[in-house]
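# Report on the structure
For reference, the chains in residue letters:
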Amino acid sequence: ALASGNPLIEEQTKLTDELKKLENLLKAYNSSMVLAKTKLSDDEVKIANYTSRIARIREDIATRIDTYSEGKFSMTVGNQVFTDNKEAGAALAAAIVAKANANSFVTVGKFAGFELRVIKNGAEYSGLIHGKESYKFNVYLNNTTRMANHIGEIIAGFENMIKNAEQMISETTADLNAQKNILAH
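These notes cover the structure that comes with them. Along each chain, numbering runs from 1 in the same order as the chain's sequence is written. Side-chain atom pairs in this predicted model are given and counted only at pLDDT of 80 or more, local residue features only at pLDDT of at least 70, and totals for whole chains, interfaces and linings cover all residues. Working from all heavy atoms in the structure, the side-chain values ignore hydrogens and water.

Our next topic: the side chain of Asp60. Structurally, Asp60 is set in helix α1 (residues 7–63). Only protein chains enter the accessibility calculation, which uses a 1.4 Å probe. A residue is then buried if its area is under 20% of the maximum for its type, exposed if over 50%, and partly exposed in between. Charged-residue counts in this description rest on Lys and Arg as positive and Asp and Glu as negative, His and the chain ends being excluded. We define a salt bridge as a side-chain nitrogen of Lys or Arg found within 4 Å of a carboxyl oxygen belonging to Asp or Glu. An unpaired buried charge is present at Asp60: no salt bridge exists, and Lys132, the closest side chain of opposite charge, is 7.0 Å distant. Pairs of N or O atoms within 3.5 Å make up the polar contacts considered here, provided that, within protein, one atom can donate a hydrogen while the other can accept it, and that residues adjacent in sequence are counted only when both atoms are side-chain atoms. Side-chain polar atoms of Asp60 contact the backbone nitrogen of Lys132, separated by 2.7 Å. Note on definitions: a residue-residue contact is assigned when non-hydrogen atoms from the two residues lie within 4.5 Å. Look past the residues within four positions of Asp60 in its chain and what remains in contact with it is Phe114, Gly131, Lys132, Glu133, Tyr135 and Phe158. For helices the rule is a DSSP run of H or I covering at least 4 residues; for strands it is a run of E covering at least 2, with both sets numbered from the N terminus onward.

This is the structure we're talking about:
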């Protein structure tokens, strides 16, 4: 067509190419708008979830009993109270092996005012510290003292969990505002 030298055909070819470029730009714009709306919605949900989590952790802080600090250790496994973390860890491990099943979480102890729950996943076990919020803990059957200390560290770290969630809210809010800015244009 271009070889024919017909200026109308040349103009039509140029306009067709320009139209394709504009159509591709429109598709890209529409795609970016859909993505921004999706991200905005996701960010709103994330912020609500973090805010709710912070509230639950604060409730757990208010009801937490300091039985995890040095010299204050006290964990209940079954009907027995342990003041030694090594003995408590061993008793907790025995209770986990004896009681855990694959169907649902079962309570195997109590520590710092929270239930300790476990479930069996194949040959492994998963643990939860259960309050208003649930906190995963690692089950160390071969290092039971470490397991007891690990649970105490999680409970002592509630304030840091709030700081982390607040940081995530801040970052997510920045992204949310960026998506609003994209949608405004």
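Next, the rest of the story.
Right, let's talk about the pattern of salt bridges for a bit. Under the counting rule described, the total for this entry stands at seven salt bridges. Between Arg53 and Glu133 there is a salt bridge whose closest N-O contact spans 2.5 Å. Of the two residues, Arg53 is situated in helix α1 and Glu133 in the loop between β5 (124–130) and β6 (134–137); the sequence distance between them amounts to 80 residues. What makes Arg53 partly exposed here is its relative accessible area of 24%. Between Asp66 and Lys72 there is a salt bridge; the shortest N-O distance is 3.2 Å. Here Asp66 falls in the partly exposed class, since its relative accessible area comes to 29%. Among the residues examined, Lys72 registers a relative accessible area of 48% and is labelled partly exposed.

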